[in-house]
Amino acid sequence: MVSKLAALERWVNDAAALTRPATIHWCDGSEAEYQSLIRQMLQTGDLVELNQQTHPGCYLHRSNPADVARVEHLTFVCHSQQQDSGPNNHWMAPAEAHAKIDALFDGCMAGRTMYVIPYCMGPIDSPLARCGVEITDSPYVVANMRIMTRMGAAAQERIEREGHFVKGLHSIGELDPERRFIMHFPEELTIKSYGSGYGGNALLGKKCHALRIASNQARDEGWMAEHMLIVGIENPAGKTHYVAAAFPSACGKTNLAMLIPPEGYRRDGWKVWTIGDDICWMRPGADGRLYAINPEAGFFGVAPGTSTSTNSNALKSISSNTIFTNVAVTADNQPWWEGLPGTPVTDWQGRPYDPANGPAAHPNSRFTVSAKQCPTWSDKAEDAQGVPLSAIMFGGRRPSLLPLVMEARDWTHGVLMGAAMGSETTAAATGAVGVLRRDSMAMKPFCGYHYGDYFAHWLSFDQPAAKLPKVFHVNWFRKGSDGKFLWPGFGDNLRVLEWMIGRVEGALGGLETPIGILPADGELRLDGTKVDPTRIDELLDVDVAAWQEELAAIGTYLDSFEPRLPERLRQEQQRVAAALVGGTERTRRAATAP
Ligand code: OXD
Ligand code: MN
């Protein structure tokens with residue numbers, strides 16, 4: 001017997017009977033085990049050694065070129081009732097889904113090793129943490145899970161003590177896109193993933209467990225599982241405010257989580273502490289505040305664009321002990337991607353680099369690294385109780401309309417801001433409305449149940465004794481009439497965070513407008529920026545007519561979640577829409593809008 005927990009032992013035996021591996025290996029999570037997997041993958045060619053002088057402990061994995069991203073169209077959330085999965089998920093009846101994917105699993109591990117990975121999402125002793133076990137035939141998955149989760153003996157002990165765990169069965173199968181499914185069974189706390197070795201499809205602790213399954217656990221148990229970074233902002237007085245922020249994929253969450261303060265702020269003593277860059281689990285504490293943990297132990301970050309100027313903390317983190325996936329390499333065997341100095345000689349597919357073949361590094365190439373290697377990693381990230389949140393931010397890529405920052409007037413308004421968030425797919429520099437994909441709370445690909453119920457769950461935290469964080473919406477991506485970004489972003493985003501903290505502390509008055517509270521004149525600190533102060537008006541402009549259209553579009557979007565849309569959210573949308581009618585005299589900026 002390898003586990004004291006009969007249910008675990010039984011499930012592993014059942015999986016082995018189905019997949020018929022040559023051997024079974026129970027992972028202990030040790031360094032020796034990790035090193036032996038690395039050696040094995042170097043032999044099989046699953047990994048390539050990178051320059052060990054410049055990048056000690058760094059390796060490169062090249063995926064099958066048809067397996068380089070999450071596959072939303074093959075991802076299913078299988079509640080027994082289709083309505084419970086909502087219009088935001090693909091659905092299949094659980095029995096049909098099991099039958100379909102089990103047919104693929106049948107005998108698929110013949111001749112391979114089956115790895116059993118017990119893991120814990122969150123600090124091992126945290127009441128907020130939750131455990132799972134992933135079964136996989138991919139040593140690459142094991143190595144990545146060791147970096148991304150608390151994996152091994154300690155997690156197994158906790159699972160055996162608690163008696164329950166999320167079950168995840170994974171096989172790379174034939175890596176055939178025609179034989180690929182990522183199935184979730186929230187009512188059984190089970191995930192089955194076949195045919196992909198890519199991060200979000202294969203590292204089951206991440207999107208599958210920590211978001212899709214956990215969002216269900218969170219709803220049942222009174223907490224929240226969100227697609228958010230967590231960052232601590234320490235002011236010169238030594239006070240740290242923690243902020244959680246939801247942005248759709250590829251909107252700069254890792255950069256914001258590791259922000260480098262602008263020169264003047266650094267001199268004044270501002271510091272930024274990283275807690276997490278992708279996922280946040282939070283729940284109300286005894287004092288009514290929301291406490292957050294990062295369930296992950298590492299970063300699975302997008303490599304292209306990561307450079308000294310955009311994110312030197314990430315670059316420092318990945319100079320050793322990192323697994324790179326689908327990056328290019330230089331003549332002296334260093335990892336390379338677009339945005340770095342130097343030139344690649346070999347592209348992500350291992351071919352001699354030829355610009356005619358497209359970028360050298362795959363645009364979704366990744367690094368996997370332990371969070372402990374981040375220079376700004378906070379010791380509070382290991383705190384079992386989590387960190388108290390002062391603010392929640394929502395944001396997307398909105399070339400027009402959305403101001404640089406606005407504050408919700410209360411929690412309900414904040415939930416509406418989160419529900420309405422999205423990213424425009426085309427720039428609308430001349431004022432034409434771009435193509436917008438709504439992505440409520442950045443959870444469209446990850447919310448494991450009906451969005452209408454999810455909004456109701458958000459609203460349910462608004463209790464009399466609650467001391468909820470203030471909610472803000474930001475937009476780093478607004479463009480001016482010349483089609484250029486109005487805001488420099490990156491480190492300068494701290495200026496916006498400073499304004500938020502000023503609002504949280506009650507030090508700044510703000511400017512009330514029908515869409516929310518905006519910075520009043522002079523409240524945003526701009527010394528030392530390249531931003532032309534006259535453009536700040538453009539960044540904070542409220543175009544009332546365009547906002548009326550936006551509110552109507554939000555209304556139509558919310559309609560799609562009927563009959564489960566909470567009435568309170570509908571009323572809030574109507575309240576903002578009504579405030580916009582005749583709102584012109586209430587806002588100075590709106591009154592001057594064209
Ligand atoms: C991610 C994503 O990999 O959101 O974090 O796609
Ligand atoms: Mn993400």
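Residues numbered from 1 in each chain as written. Chains lettered and ligands numbered in written order. Predicted model: local features only at pLDDT ≥ 70, side-chain atom pairs only at ≥ 80, totals over all residues. Heavy atoms only, no water.

So, on to the coordination of the manganese ion (ligand 2). Surrounding the manganese ion (ligand 2) are the protein donor atoms K207 (NZ), H227 (NE2) and D278 (OD), which sit 2.2 Å from the metal. Written as a sequence motif, the donor residues of the manganese ion (ligand 2) are K-x19-H-x50-D. With K207 in helix α8 (residues 205-221) and H227 in the loop between β11 (224-226) and β12 (228-234), this residue pair connects regions lying 20 residues apart in the sequence. Take K207: its relative accessible area is 5%, and that puts it in the buried class. (Donors = N, O, S within 2.8 Å, 3.2 Å for Na, K, Ca; no water. Helix = DSSP H or I, 4+ residues; strand = E, 2+ residues; numbered from the N terminus. Buried < 20%, exposed > 50% of the residue type's maximum accessible area, 1.4 Å probe, protein only.)

What follows concerns the site of ligand 1. Around ligand 1, a shell composed of R70, K207, H227, S249, D278, R366 and F446 is seen. In the environment of ligand 1, an oxygen atom lies 2.9 Å from a nitrogen or oxygen atom belonging to the side chain of R70. Here an oxygen atom of ligand 1 sits 3.0 Å away from a polar atom, N or O, in the side chain of K207. Against a free-state accessible area of 210 Å², the protein chains account for coverage of 90% of ligand 1. For the shell around ligand 1, the per-class residue count stands at 1 nonpolar, 2 polar and 4 charged. (Near = heavy atom within 4 Å. Polar contact = N/O pair within 3.5 Å; in protein donor to acceptor, adjacent residues only side chain to side chain. Areas by Shrake-Rupley, 256 points an atom, 1.4 Å probe, with all protein chains shown as cover. Nonpolar A, V, L, I, M, F, W, Y, C, P; charged D, E, K, R; others polar.)

On to helix α14 (residues 493-504). When the terminal C-alpha atoms of α14 are compared, their 17 Å separation across 12 residues agrees well with the 16 Å that a helix rising 1.5 Å per residue should span. By the criterion of burial, α14 is predominantly enclosed, with 11 of the 12 residues buried. Listed as buried for α14 are N493, L494, R495, V496, L497, E498, W499, M500, I501, G502 and R503. (Expected span 1.5 Å × (residues − 1).)

Our focus in this paragraph is the sheet that holds strand β17 (residues 298-302). Ordered in space as β2-β3-β18-β22-β17, the 5 strands form an open sheet in which the pairing is mixed. Since the sheet does not close on itself, it has two edges, and those belong to β2 (48-49) and β17, each with one partner. Pairing geometry for β17 and strand β22 (residues 366-370), over 5 bridges, is antiparallel. Note that in β22 the partner of G301 across the bridge is F367. (Pairing = 2+ DSSP bridges.)

Across the sheet, which stays open at both edges, the 3 strands sit in the order β20-β19-β21 with antiparallel pairing between neighbours. Both edges of this open sheet fall to β20 (335-336) and β21 (344-346), since each of them pairs with a single strand only. Taken together, the 2 bridges between strand β19 (residues 328-330) and β20 define a ladder with antiparallel strand orientation. Residue pairing in the sheet places A328 in a bridge with W336 of β20.

Counting across every chain of the model gives 20 aromatic pairs. With 6.1 Å between their ring centres and 85 degrees between their planes, F299 and W377 make a pair best called edge-to-face. Of this pair, F299 sits in strand β17 while W377 sits in the loop between β22 and β23 (387-395); the two residues are 78 residues apart in sequence, bridging distant segments of the chain. No difference in accessibility class separates F299 from W377, as the two residues are buried. Of the aromatic side chains, those joined through ring pairs into one cluster are Y449, Y451, Y454, F455, Y557 and F561. Geometry around Y449 places R219 over its ring, the cationic atom sitting 4.0 Å from the centre. (Phe/Tyr/Trp six-rings, centres within 6.5 Å; stacked < 30°, edge-to-face > 60°. Lys NZ or Arg CZ within 6 Å of the ring centre and 35° of its normal.)

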